[in-house]
Amino acid sequence: MIHEVLPVGMLQCNCSIFGDEQSREAMVVDPGDDIARILEVVRRHGLTVKAIVITHAHIDHIGGAQKLKKATGAPVYMNHNDAELQKMMDVQAAWLGVRPPDAVAIEGEANDGDLLVVGATEFHVLHTPGHTPGSISLWIPSQGKLVAGDTLFRDSIGRTDLPGGDGRQILRSIHEKLMPLPEETVVIPGHGENTTIGREKQFNYFLQGL
Ligand SMILES: [Zn+2]
């Protein structure tokens, strides 16, 4: 499977572009910004975007979704528990001192246990609330990968001091949904470097004593 990670926007959100080599179907996760660059990758691989997935409704992850949707016609998937946050896009834009992005309509649910399919590859939706109420992670067993949004980072976890954040809930999500995954699973966090489940289990200070 084709997989490129592009850090986009002023907060360098990791946007993932997955493409199936046979069907040339693609899924874009967290198109926060820099849609022209995302589309360049899509074109370079001769892909057609079939789905846009938002790990959570923070502006750095969802900001470019409407632009990408307009360019590709692909439906947008997000967990409904982040609907309130999505309505606060003007407030979020003010936090960063930027103009609010165009609002995007969500037409796909992303609930715990849902399967999204790209070509022959299954993406399992894991509801991992805490950073936001509707935060999700995507587990791709056949690739040994986890797209973790802002739930788990290399050596850290997502902040929980923003509206809708919950410090106990994020630890519960990581403990119940992410730590049981195979240790060699490669974690692509919402920002920064990749890690593995095993590495975070061993070294992540925030997860000690879980
Ligand atoms: Zn983020």
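Above this text is the structure in question.
Residues numbered from 1 in each chain as written. Predicted model: local features only at pLDDT ≥ 70, side-chain atom pairs only at ≥ 80, totals over all residues. Heavy atoms only, no water.

K.L.:
What should I look at first to understand the environment of Q92 in this one?
P.N.:
Locating Q92 in the fold gives a position in helix α5 (residues 89-96). Note: C-alpha distance between Q92 and L126 (34 residues apart in sequence) is 25 Å. Those residues in contact with Q92 that sit more than four places away from it in its chain are A57, H58, I59 and L85. (Helix = DSSP H or I, 4+ residues; strand = E, 2+ residues; numbered from the N terminus. Contact = heavy atoms within 4.5 Å.)

K.L.:
In this structure, what is going on with the coordination of the zinc ion? I would like to understand it.
P.N.:
Octahedral metals with six donors have ideal donor angles of 90 or 180 degrees. Tetrahedral metals with four donors have an ideal donor angle of 109.5 degrees. Protein coordination of the zinc ion is provided by D60 (OD), H61 (NE2), D150 (OD) and H191 (NE2), with donor distances spanning 2.0 to 2.3 Å. Considering all 4 donor atoms around the zinc ion, the spread of angles at the metal, 86 to 161°, places the coordination shape in the irregular class. Positions of the donor residues of the zinc ion along the chain correspond to the pattern D-H-x88-D-x40-H. Pair noted here: H61 is in helix α2 (residues 59-62) and H191 is in the loop between β13 (186-189) and β14 (195-196), with a separation of 130 residues, a long-range link. A residue is classified by how much of its surface remains accessible, and H61, at 0% relative accessible area, is buried. (Donors = N, O, S within 2.8 Å, 3.2 Å for Na, K, Ca; no water. Tetrahedral: all angles 85-135°; square planar, octahedral: opposite > 155°, others 65-115°. Buried < 20%, exposed > 50% of the residue type's maximum accessible area, 1.4 Å probe, protein only.)

K.L.:
It is not clear to me how the nonpolar core should be interpreted in this structure. Could you clarify?
P.N.:
Formed by 29 residues in total, the largest nonpolar core has its most connected members in I17 and I38. In terms of residue count, helix α1 (residues 35-44) provides more of this core than any other element does, 5 residues in total. Leaving out residues up to four positions away in the same chain, I17 has contacts with I2, H3, E4, L6, M27, V28, I38, V41, V42 and L47. Listed in part, the 14 residues of the second largest apolar core include A51, V118, F123 and L138. (Core = buried A, V, L, I, M, F, W, Y, C linked by side-chain atoms within 4.5 Å.)

K.L.:
What is the right way to read the state of the cysteines from this model?
P.N.:
Two cysteines, two sulfur atoms, one covalent bond between them: this is a disulfide. On inspection of all chains with the given rule, the structure shows 0 disulfides. Not engaged in a disulfide, the cysteine C13 finds its nearest cysteine sulfur in C15; these two sulfurs lie 6.8 Å apart. On the basis of relative accessible area, C13 is assigned to the buried category, the value being 0%. (Disulfide = S-S within 2.5 Å.)

K.L.:
I'm lost on the packing of α1 against helix α3 (residues 65-72) in this one. Help?
P.N.:
If you want to describe how two helices pack, look at the angle between their axes and the distance between the axes. At a minimum axis distance of 10 Å, the contact between α1 and α3 shows a crossing angle of 40°. One way to sum up the angle between α1 and α3 is to call them oblique. Judged by the twist between their axes, the crossing of α1 over α3 is right-handed. Along its contact with α1, which presents I35, I38 and L39, the element α3 presents K67, L68, A71 and T72. A breakdown of the residues in the contact of α1 with α3 according to their chemical character gives 5 nonpolar, 1 polar and 1 charged. (Axes fitted to C-alpha atoms, helices over the stretch in contact; angles between N-to-C directions. Parallel < 35°, antiparallel > 145°, perpendicular 65-115°, else oblique. Left-handed = near helix turned anticlockwise from the far one by under 90°. Nonpolar A, V, L, I, M, F, W, Y, C, P; charged D, E, K, R; others polar.)

K.L.:
Before we go on, may I ask you to explain the sheet that holds strand β3 (residues 25-29) in this structure?
P.N.:
Strand pairing in a sheet relies on backbone hydrogen bonds. The paired strands run either parallel or antiparallel. Strand order in the open sheet formed by 6 strands is β1-β2-β3-β4-β5-β6, and the pairing between neighbours is mixed. Each edge of the open sheet is held by one strand with a lone partner, namely β1 (2-8) and β6 (108-109). Relative to β6, strand β5 (residues 76-78) runs parallel, the two sharing 2 bridges. In the strand pairing of β6, M78 is matched with E109. Against the sheet, α1 touches β1, β2 (13-19), β3 and β4 (48-53), its axis set at about 165° to β1. Lying over the sheet, α3 contacts β3, β4 and β5, oriented at roughly 155° with respect to β4. (Pairing = 2+ DSSP bridges.)

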